[in-house]
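The lines below spell out each chain.
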Amino acid sequence: MKWAMVAVIAASSALADVLQSAGMKEQGEIHDFRVWMAGGHLARLMRSRNMLASMGSLAVSFFVFLALISISELSFAVPATAATYVLETILAKYFLNEHVDWRRWAGATLVAGGVAMLML
Amino acid sequence: MPKVPLLHPTRSSQNLRTPLFVAIVVCGNLAGNVLLRAGMGGSTALPALAPTAYLQALLNPWVLLGVPLLIVGLAAQLALFSWADLSYVAPVTSIGYALTAVAGRLFLHEPLSMTRWAAVFLITAGVALVSGTVPSTAGAEIYGARR
């Protein structure tokens, strides 16, 4: 059961980041960072199906994480987030058509290993 | 004379904006989490199904300072996603994990075992590798971006 929850957390948080990335690129590159422009950016984001789906996905990740830490130690639950770095790289390559060279694969794997080891 | 946005990017500012926004994401999350932890430090564990306890925690001054910083970090990450790849942003912003461990050792004198030093080294090496790549490899046109 615990491992099924870990899989759901990793998958839903990676999916949320993929949807956010796709949603932001759909809106186009942000050039204007004046504070009073934030409302306009936010209003456009709220109309994006990708951004709305990413919020749903983040909510799933958050509530399953709460359920996981209620039945297991935090030191077990937190390293679960490490797997998302590799999963996000795979999704970025196949769903976002990013060019992932050996440095990005190696980098994501090292980061995932490092984050998992930090909790030991 | 045409009206140009005050912060419209020039070539040199475009080169600097990715590291600048990565720094904002990392610092916003780091400082926000430290303040949340400081705010929650004295309180007892929150019961899972008691919304009033969460609302009370939100009124703590440290938490009130920490939440806007986390929002700034999230906004900077969304802005980064508008031009940089996910496979670049996700690993590079993970340097916050290593900085948190080292800051705990330096400022709070928390013990850092050999395993944790090795973890800090692995994360730093991974970030260095990814940050050597071009931030954006996927053309925005595949998403039908608005221009």
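Conventions used here
- Residues numbered from 1 in each chain as written.
- Chains lettered and ligands numbered in written order.
- Predicted model: local features only at pLDDT ≥ 70, side-chain atom pairs only at ≥ 80, totals over all residues.
- Heavy atoms only, no water.
- Helix = DSSP H or I, 4+ residues; strand = E, 2+ residues; numbered from the N terminus.
- Buried < 20%, exposed > 50% of the residue type's maximum accessible area, 1.4 Å probe, protein only.
- Contact = heavy atoms within 4.5 Å.
- Areas by Shrake-Rupley, 256 points an atom, 1.4 Å probe, with all protein chains shown as cover.
- Buried area = accessible area lost by both parts, 1.4 Å probe.
- Salt bridge = Lys/Arg side-chain N within 4 Å of Asp/Glu carboxyl O.
- Polar contact = N/O pair within 3.5 Å; in protein donor to acceptor, adjacent residues only side chain to side chain.
- Axes fitted to C-alpha atoms, helices over the stretch in contact; angles between N-to-C directions.
- Left-handed = near helix turned anticlockwise from the far one by under 90°.
- Nonpolar A, V, L, I, M, F, W, Y, C, P; charged D, E, K, R; others polar.
- Phe/Tyr/Trp six-rings, centres within 6.5 Å; stacked < 30°, edge-to-face > 60°.
- Lys NZ or Arg CZ within 6 Å of the ring centre and 35° of its normal.
- Core = buried A, V, L, I, M, F, W, Y, C linked by side-chain atoms within 4.5 Å.
- Patch = residues over 30% accessible without salt bridge, like charges linked within 9 Å, V, L, I, M, F, W, Y side chains within 5 Å.
- pLDDT = per-residue confidence, 0-100.

(A) Examining the overall build of chain B more closely. The number of helices and strands found in chain B is 6 helices and 0 strands. Listed by position from the N terminus, the elements making up chain B come as α-α-α-α-α-α. Expressed as a percentage of its 147 residues, the buried residues of chain B come to 36%. Restricting the contact set of chain B to residue pairs at least 6 apart, pairs at least 24 apart contribute 74%. Taken as a whole, chain B presents about 8800 Å² of accessible surface, with 71% of it coming from carbon and sulfur.

(B) Seen up close, the interface of chain A and chain B. Each side of the interface is counted separately: chain A has 45 residues, and chain B has 48 residues. Looking only at chain A, the three residues that lose the most surface to chain B are Lys25(A), Arg104(A) and Leu118(A), adding up to 20% of its buried area. In this structure, the connection of chain A to chain B is made through 1 salt bridge. Arg104(A) is the partner of Asp85(B) in a salt bridge, and the nearest nitrogen-oxygen pair spans 2.8 Å. Counting the contacts that link chain A with chain B gives 11 residue pairs in polar contact (both at pLDDT 80 or more). Those elements that place two or more of their residues in the side of chain A that touches chain B are helix H1 (2–27), helix H2 (38–46), helix H5 (83–95) and helix H6 (102–118) of chain A. Ranked by the residues each element gives to the side of chain A that touches chain B, the list is headed by H6(A), at 13 residues.

(C) Fine view of the pattern of salt bridges. All names here are of chain A. Applying the stated criterion to the full structure yields 2 salt bridges over all chains. A salt bridge links Arg103 to Asp101; the nearest nitrogen and oxygen atoms lie 3.2 Å apart. With relative accessibility at 17%, the residue Asp101 sits in the buried group.

(D) The arrangement of the packing of helix H5 (residues 95–107) of chain B against helix H6 (residues 114–131) of chain B in detail. Residue and element names in this part refer to chain B. The contact between H5 and H6 brings their axes to 9 Å, and the two run at 145°. Considering how the two elements wind past one another, H5 and H6 form a crossing that is left-handed. Across the interface between the two elements, Ile95, Tyr97, Ala98, Ala101, Val102 and Arg105 from H5 touch Trp117, Val120, Ile123, Thr124 and Val127 from H6. Its residues placed into classes, the contact of H5 with H6 shows 9 nonpolar, 1 polar and 1 charged.

(E) Fine view of the packing of aromatic side chains. Residue and element names in this part refer to chain B. Taken as a whole and assessed by the stated rule, the structure comprises 1 aromatic pair over all chains. When the centroid spacing of 5.3 Å and the interplanar angle of 85° are considered together, the rings of Phe21 and Trp83 count as edge-to-face. Of this pair, Phe21 sits in helix H1 (residues 11–41) while Trp83 sits in the loop between helix H3 (61–81) and helix H4 (86–93); the two residues are 62 residues apart in sequence, bridging distant segments of the chain. Given the relative accessible area of 10%, Phe21 is considered buried. Above the plane of the ring of Trp83 lies Arg17, whose end atom (NZ or CZ) is 3.9 Å from the centre.

(F) Expanded view of the environment of Leu58(B). All names here are of chain B. Relative to the assigned elements, Leu58 resides in helix H2 (residues 51–58). Leu58 gets classed as partly exposed once you look at its relative accessible area, which sits at 44%. In this structure, the C-alpha to C-alpha distance between Leu58 and Gly39, residues 19 residues apart in sequence, is 8.9 Å. Filtering out sequence-adjacent residues up to four positions away, Leu58 remains in contact with Val63, Leu64 and Val67.

(G) Focus on the nonpolar core. If you look at the biggest cluster of nonpolar residues, it comprises 41 residues, and the most contacted ones within it are Met24(A), Leu80(B) and Leu86(B). Of all the secondary structure elements, the ones that give two or more residues to this core are H1, H5 and H6 of chain A together with H1, H3, H4, H5 and H6 of chain B. Here Leu86(B) is in contact with Asp17(A), Val18(A), Ser21(A), Glu88(A), Ala92(A), Leu96(A), Glu98(A), Phe81(B) and Pro91(B), once residues within four sequence places are set aside.

(H) Looking closely at the side chain of Gln20(A). Considering the arrangement of structural elements, one finds Gln20(A) in helix H1. Leave out the neighbours within four places in its chain, and Gln20(A) touches Met51(A), Ser54(A), Leu58(A), Gln77(B), Leu78(B) and Phe81(B).

(I) Geometry of a nonpolar patch on the surface. Residue and element names in this part refer to chain A. A surface patch of nonpolar side chains, amounting to about 360 Å² of accessible area, comprises Leu42, Met46, Leu52 and Met55. Sorting the residues of the nonpolar patch by element identifies H2 and helix H3 (49–71) as the ones contributing at least two each. With respect to the helices, strands and loops of the structure, Met46 is situated in helix H2.

(J) Quick peek at the confidence of the model for chain B. Residues and elements named next belong to chain B. Overall, the predicted model of chain B reaches an average pLDDT of 78, with 75% of residues at or above 70. Scored below 50 in pLDDT, residues 140–147 shows 17 contacts in the model against residues more than four places distant or in partner chains. Interface confidence for the predicted complex, expressed as ipTM, amounts to 0.85; the pTM equals 0.80.

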